[in-house]
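So you can see what is in the structure, the chains are spelled out below.
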Amino acid sequence: MAKKVEAVNNMVDQFAEFKEHKNIDKTTMISVLEESFRNVIAKMFGTDENFDVIMNPDKGDCEIYQNLEVVADDDVDNEVTQIGITEAREIDPECEIGEDVTKRIYFEKFGRRAILNLRQTLQSKILDLQKDAIYSKFKELEGEVISGEVHQIWKKEMLLIDEDQNELIMPKEEQIPGDFFHKGDIVRAVVKRVDNPNNNPKVIVSRTDERFLRRLFEQEVPEVHDGLITIKAVARIPGKRAKIAVESYDDRIDPVGACVGIKGSRIHGIVRELRNENIDVLNYTSNPSLFIQRALSPAKISSIRINEDEKKAEVFLHPEEVSLAIGKEGLNIRLATLITGYTIDVYRDIQEGEEDIYLDEFRDEIDGWVIEALKDLGLGTAKAVLNASESTLAQADLEDETLEHVMQVLRAEFED
């Protein structure tokens, strides 16, 4: 019997230890222990309604009492709820028929099966509590940066373990293209979301989420952390380039200068963390025309037409500025579109007396989607397309036959 008593008390001790490490409050601990004992009692007796379960978590034990109605010895119909007068007076010598007596139940006397049942029930509830605690913890941490040690690397995802031994999953698409980790490396990432299929929490972390860039600025730039500078918008093409728009409500603070730091001291750490992702910091403005001009920097715009209803902008530049507005691989204009929320069409200025035609004039002969693909590269006029290099035209991702048709149509216009 001593071993059985020890088995029950050990389970209580184990739960107390779990509570200490997982920050389960005392009320929850007592409730779960009581519920576990009651579940087993209900299975053994068919009910737990006339039982009192008293938990003593500080002592590491449990007391169980059965409340019974005293009846004549020959009138005991249900031993779970009734007790004969003779047996009842062994508990309380002064009891009478019709009264209630309370009988102490020693759980360990019910045998190995009952204790095993209790252990399984308790472990199941502990596991559920652990899952609930993990889900609640990381749900509150969504959008925050955490660190984890690389535990295992697979083809489509990577497993990290945090300091509390919780598992974090980083899918391949949430890794920066330049990321290359080994087992044991410490990795920083933002908690993107917490999935909970079948009460089995799965923490997804990301290094490509735009919130990761926001949090890094908060960590590296005290003025952002303190709220003196606000991050108004972020656009990223992970591992390549990003734009971040900032604003200060204090005229004495230069938001761009504060974010970059003296000789780039503040932004360099962020760039390294993001695998040399180039970061453009620009002053935010609610004026869409000015904001688009700043977003297309370093290109200098000649003029701009805004359609606020359709969120579209037509930007006109000198020929030598077009490539700057588009940027390498079209990154600059893509990011400008993302951060401003406007669809931006770039046009090459047609100088007075210059013979050129805007591509939109050819929609009867060239498919609209082809024209849009060329305009996305800043090739808004016929001459711009005809004078473009092969490498620039290749970025439009057009089939050779389609591109040849375009060139024939445009050349014919000037030959005529």
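Residues numbered from 1 in each chain as written. Predicted model: local features only at pLDDT ≥ 70, side-chain atom pairs only at ≥ 80, totals over all residues. Heavy atoms only, no water.

Enquirer: Before we go on, may I ask you to explain the confidence of the model for the protein chain in this structure?
Expert: In regions of low pLDDT, the predicted coordinates are not meant to be interpreted in detail. Chain-level pLDDT for the protein chain is 87 on average; 91% of the residues reach the 70-or-more range. In the model, residues 1-5 has pLDDT below 50 throughout and makes seven contacts with residues more than four positions away in sequence or in other chains. (pLDDT = per-residue confidence, 0-100. Contact = heavy atoms within 4.5 Å.)

Enquirer: Explain the sheet that holds strand 13 (residues 301-307) to me, please; I cannot follow it from the model alone.
Expert: Within a sheet, adjacent strands bond to each other through the backbone by hydrogen bonds, running parallel or antiparallel. Taken together, three strands build an open sheet; the order of strands is 13-14-15 and the sheet is mixed. Edge positions in the open sheet fall to strand 13 and strand 15 (343-348), since each of these has one partner strand only. Geometrically, the sheet is characterised by an average inter-axis angle of 20° between neighbouring strands, direction not taken into account. Bridge analysis of strand 14 (residues 312-317) against strand 15 gives six bridges, and the strand direction is parallel. In the sheet register, Lys 312 faces strand 15, and the bridge partner there is Thr 343. (Pairing = 2+ DSSP bridges. Helix = DSSP H or I, 4+ residues; strand = E, 2+ residues; numbered from the N terminus. Axes fitted to C-alpha atoms, helices over the stretch in contact; angles between N-to-C directions.)

Enquirer: I keep staring at the packing of aromatic side chains and nothing clicks. Help me out?
Expert: Two measures describe an aromatic ring pair: the distance that separates the ring centres and the angle between the ring planes. Within the structure shown, the criterion is met by five aromatic pairs. Centre to centre, the rings of Phe 45 and Phe 51 are 4.9 Å apart; their planes meet at 40°, and the pair counts as tilted. Under the relative-accessibility criterion, Phe 45 is labelled partly exposed at 23%. With a relative accessible area of 1%, Phe 51 lands in the buried category. When the ring of Tyr 284 is compared with that of Phe 291, the centres are 5.2 Å apart and the planes differ by 70°; the resulting orientation is edge-to-face. Look at Phe 291 and you get buried, because its relative accessible area is 6%. Taken together through their ring pairs, the aromatic side chains of Phe 316, Tyr 347 and Tyr 358 make up a single cluster. Against the face of Phe 414 rests Lys 383, its NZ or CZ located 4.8 Å from the ring centre. (Phe/Tyr/Trp six-rings, centres within 6.5 Å; stacked < 30°, edge-to-face > 60°. Buried < 20%, exposed > 50% of the residue type's maximum accessible area, 1.4 Å probe, protein only. Lys NZ or Arg CZ within 6 Å of the ring centre and 35° of its normal.)

Enquirer: How should I be thinking about the nonpolar core in this particular structure?
Expert: One broad rule of soluble globular proteins: the nonpolar side chains tend to lie buried together. In terms of nonpolar packing, the biggest core is built from 26 residues, with Ile 292, Leu 296, Val 315, Leu 317, Ile 339, Ile 344 and Val 346 touching the most fellow members. Take this core: its biggest share by element is five residues, from helix 11 (residues 331-340). If we ignore the near neighbours within four places in the chain, the residues touching Ile 292 are Ile 301, Ile 304, Ile 306, Ala 313, Val 315, Thr 340, Tyr 342 and Ile 344. Residues Ala 242, Val 246, Ala 258 and Cys 259 belong to the second largest nonpolar core, which totals 25 residues. (Core = buried A, V, L, I, M, F, W, Y, C linked by side-chain atoms within 4.5 Å.)

Enquirer: I'm lost on the pattern of salt bridges in this one. Help?
Expert: Where charged atoms from two side chains of opposite charge come close, those side chains can pair. Here the structure, examined in full by the defined rule, presents 31 salt bridges. Residue Arg 38 pairs with Asp 48 through a salt bridge whose shortest N-O separation is 3.3 Å. Of the two residues, Arg 38 is situated in helix 2 (residues 26-45) and Asp 48 in the loop between helix 2 and strand 1 (51-56); the sequence distance between them amounts to 10 residues. Note that Asp 280 is salt-bridged to Arg 241, the shortest N-O span being 2.8 Å. You can see Asp 280 sitting in strand 12 (residues 278-283) and its partner Arg 241 sitting in strand 11 (residues 241-248), a full 39 residues away along the chain. Taking relative accessible area as the criterion, Arg 241 reaches 17% and is therefore assigned buried. One connected set of salt bridges, linked through shared partners, spans Asp 179, Arg 188, Arg 207, Glu 273 and Arg 275. (Salt bridge = Lys/Arg side-chain N within 4 Å of Asp/Glu carboxyl O.)

Enquirer: Looking at this structure, I do not really get the side chain of Gln 82. What am I missing?
Expert: Considering the arrangement of structural elements, one finds Gln 82 in strand 3 (residues 82-84). For Gln 82, a relative accessible area of 15% corresponds to the buried category. At 2.7 Å, the side chain of Gln 82 and the backbone nitrogen of Asp 77 are in polar contact. (Polar contact = N/O pair within 3.5 Å; in protein donor to acceptor, adjacent residues only side chain to side chain.)

Enquirer: When you look at the packing of helix 10 (residues 319-326) against helix 11 in this model, what are you seeing that I'm missing?
Expert: Between two packed helices, the angle of one axis relative to the other and the distance separating the axes together describe the packing. It is the contact of helix 10 with helix 11, at a shortest axis distance of 5 Å, that shows an interaxial angle of 65°. It follows that helix 10 is roughly perpendicular to helix 11 by the angle criterion. The residues of helix 11 that touch helix 10, namely those facing Leu 324, Ala 325 and Ile 326, are Leu 331, Asn 332 and Ile 333. For the contact of helix 10 with helix 11, a count of residues per class yields five nonpolar, one polar and no charged. (Parallel < 35°, antiparallel > 145°, perpendicular 65-115°, else oblique. Nonpolar A, V, L, I, M, F, W, Y, C, P; charged D, E, K, R; others polar.)

Enquirer: Looking at this structure, I do not really get a negative patch on the surface. What am I missing?
Expert: On the surface, a cluster of negative charge is contributed by Glu 69, Asp 92, Glu 94, Glu 99 and Asp 100. Along the polypeptide, Glu 69 turns up in strand 2 (residues 61-71). (Patch = residues over 30% accessible without salt bridge, like charges linked within 9 Å, V, L, I, M, F, W, Y side chains within 5 Å. Areas by Shrake-Rupley, 256 points an atom, 1.4 Å probe, with all protein chains shown as cover. Lys, Arg positive; Asp, Glu negative; His and termini not counted. Charge placed at Lys NZ, Arg CZ, Asp CG, Glu CD.)

Enquirer: Can you walk me through the environment of Ala 245 in this structure?
Expert: Tracing the chain through its elements places Ala 245 in strand 11. Taking the relative accessible area as the measure of exposure, Ala 245 reaches 0% and is therefore buried. A C-alpha to C-alpha distance of 9.2 Å links Ala 245 and Phe 291, two positions 46 residues apart in sequence. With residues near it in sequence (within four places) discarded, Ala 245 still touches Thr 230, Ile 231, Lys 232, Ala 233, Leu 282, Tyr 284, Phe 291 and Ile 339.

Enquirer: When you look at the packing of helix 5 (residues 210-220) against helix 8 (residues 265-273) in this model, what are you seeing that I'm missing?
Expert: At a minimum axis distance of 10 Å, the contact between helix 5 and helix 8 shows a crossing angle of 145°. Classified by chirality, the crossing of helix 8 by helix 5 is right-handed. Between helix 5 and helix 8, the contacting residues are Phe 212, Leu 213, Leu 216, Phe 217 and Glu 220 on the first element and Arg 266, Ile 267, Ile 270 and Glu 273 on the second. Here the residues of the contact of helix 5 with helix 8 are counted per class, giving six nonpolar, no polar and three charged. (Left-handed = near helix turned anticlockwise from the far one by under 90°.)

Enquirer: Please clarify how helix 12 (residues 368-375) should be interpreted in this entry.
Expert: Within helix 12, burial applies to Val 370, Ile 371, Ala 373, Leu 374 and Lys 375. For helix 12, the elements touching its buried residues are strand 15, helix 13 (382-386), helix 14 (390-394) and helix 15 (400-415).

Enquirer: Which parts of the structure should I look at to understand unusual backbone geometry?
Expert: Trans is the prevailing form of peptide bonds, just as negative phi is the prevailing case for residues other than glycine. With an omega of 15°, the peptide bond running from Ser 297 to Pro 298 counts as cis. Examined against the element boundaries, Pro 298 turns out to sit in the loop between helix 9 (288-295) and strand 13. Located in the positive-phi region is Arg 275, a residue other than glycine, with phi close to 60°. In this fold, Arg 275 is placed in the loop between helix 8 and strand 12. The exposure class of Arg 275 is partly exposed, given its relative accessible area of 31%.

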